[in-house]
Amino acid sequence: MKKLNPVFLNLWFFILVLWGAPAHAHSDPEVSWKTLGRLAFRPGNPPVEVKRILNKPIQITGFMVADEFNSDEVTEFFLMSMSRGCVHVPPPPPSLIIHAKMKASMSAQYHSGAVKVHGILSVSKNNDSEVFYSYEMAVDSVETVSRSGDHIN
């Protein structure tokens with residue numbers, strides 16, 4: 001049997017590592033808040049634009065409102081299109097609130113500015129009496145973004 005060239009093996013290893021890299025690196029579609037807001041009109045039967053992005057990796061830019069803190073780290077947060085968004089009085093419509101949960105044993109640094117969140121979006125079966133939201137997201141990563149203004153469309 002022939003021995004394989006170590007350079008060849010290293011090249012294949014490199015290709016396999018890249019191939020297995022997280023899909024959210026930069027390829028997930030960027031979803032707009034306008035698209036998410038369309039759910040408000042037909043919550044039981046999401047419009048086609050919303051169905052296309054459900055249960056698939058996406059990225060969306062918004063502002064964090066912490067739900068659970070562990071020092072400066074968060075494991076759950078609400079993501080909204082407004083920086084001054086408040087889930088209490090007056091709250092935005094449920095279709096403009098995402099309840100984001102970091103995947104198991106992960107956390108993110110809380111940030112008061114805009115963040116880009118990567119993860120899997122789903123429609124919520126929310127029964128929470130304090131905060132009503134239409135979406136949940138299993139979050140893979142959170143990154144800060146430079147953005148002026150306090151609203152994202």
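Everything discussed here concerns the structure shown above.
Conventions adopted
- Residues numbered from 1 in each chain as written.
- Predicted model: local features only at pLDDT ≥ 70, side-chain atom pairs only at ≥ 80, totals over all residues.
- Heavy atoms only, no water.
- Helix = DSSP H or I, 4+ residues; strand = E, 2+ residues; numbered from the N terminus.
- Buried < 20%, exposed > 50% of the residue type's maximum accessible area, 1.4 Å probe, protein only.
- Polar contact = N/O pair within 3.5 Å; in protein donor to acceptor, adjacent residues only side chain to side chain.
- Contact = heavy atoms within 4.5 Å.
- Core = buried A, V, L, I, M, F, W, Y, C linked by side-chain atoms within 4.5 Å.
- Phe/Tyr/Trp six-rings, centres within 6.5 Å; stacked < 30°, edge-to-face > 60°.

Peer 1: I tried to follow the side chain of Lys 116 on my own but got confused; where do I start?
Peer 2: Secondary-structure assignment places Lys 116 in strand E5 (residues 114-123). On the accessibility criterion, Lys 116 (19% relative accessible area) is buried. At a separation of 3.2 Å, a polar atom in the side chain of Lys 116 contacts the side chain of Glu 30. Apart from the residues within four sequence positions on either side, Lys 116 is in contact with Glu 30, Gln 59, Ile 60, Thr 61, Ser 141, Val 142, Glu 143 and Val 145.

Peer 1: Before we go on, may I ask you to explain the nonpolar core in this structure?
Peer 2: The nonpolar side chains of a soluble globular protein tend to be buried, and buried together. Ranked by internal contacts, the top residues of the largest apolar core, which has 26 residues, are Leu 36, Phe 77, Leu 79, Ile 98, Leu 121, Tyr 135 and Met 137. Contributions of two or more residues to this core are made by helix H2 (33-37), strand E1 (57-70), strand E2 (73-80), strand E3 (97-102), E5 and strand E6 (135-144). With six residues, the next largest nonpolar core counts Val 65, Met 80, Ile 97 and Val 131 among its residues.

Peer 1: What should I look at first to understand the side chain of Ser 134 in this one?
Peer 2: Along the chain, Ser 134 turns up in the loop between E5 and E6. Residue classification places Ser 134 among the buried residues on the basis of a relative accessible area of 14%. A polar atom in the side chain of Ser 134 sits 3.2 Å from the backbone nitrogen of Ser 95. Apart from the residues lying within four places of it in its own chain, the contact partners of Ser 134 are Leu 39, Pro 94, Ser 95, Ile 97, Ser 122, Val 123 and Ser 124.

Peer 1: Would you mind going over unusual backbone geometry with me for this structure?
Peer 2: Excluding glycine, a negative phi dihedral is what most residues carry, and trans is how most peptide bonds are arranged. Of note, the phi angle at Asn 55 is positive, near 60°, even though the residue is not glycine. Tracing the sequence through the fold places Asn 55 in the loop between helix H3 (48-51) and E1. Here Ser 105, not a glycine, exhibits a phi torsion of approximately 60°, which is positive. Relative to the helices and strands, Ser 105 resides in the loop between E3 and strand E4 (108-109). Of the residues examined, Ser 105 reaches a relative accessible area of 84% and is grouped as exposed.

Peer 1: Whenever I open this one, the packing of aromatic side chains confuses me. Can you help?
Peer 2: Any two aromatic rings considered together are summarised by their centre-to-centre distance and by the angle between their planes. The tally for this structure, following the rule as stated, stands at one aromatic pair. Ring plane angle 55° and centroid distance 5.8 Å describe the contact between Phe 78 and Tyr 133, whose orientation is recorded as tilted. Taken together, the residues Phe 78 in strand E2 and Tyr 133 in the loop between E5 and E6 connect sequence positions 55 residues apart. Owing to a relative accessible area of 4%, Phe 78 belongs among the buried residues under this scheme. Relative accessible area serves as the criterion here: at 9%, Tyr 133 is assigned to the buried category.

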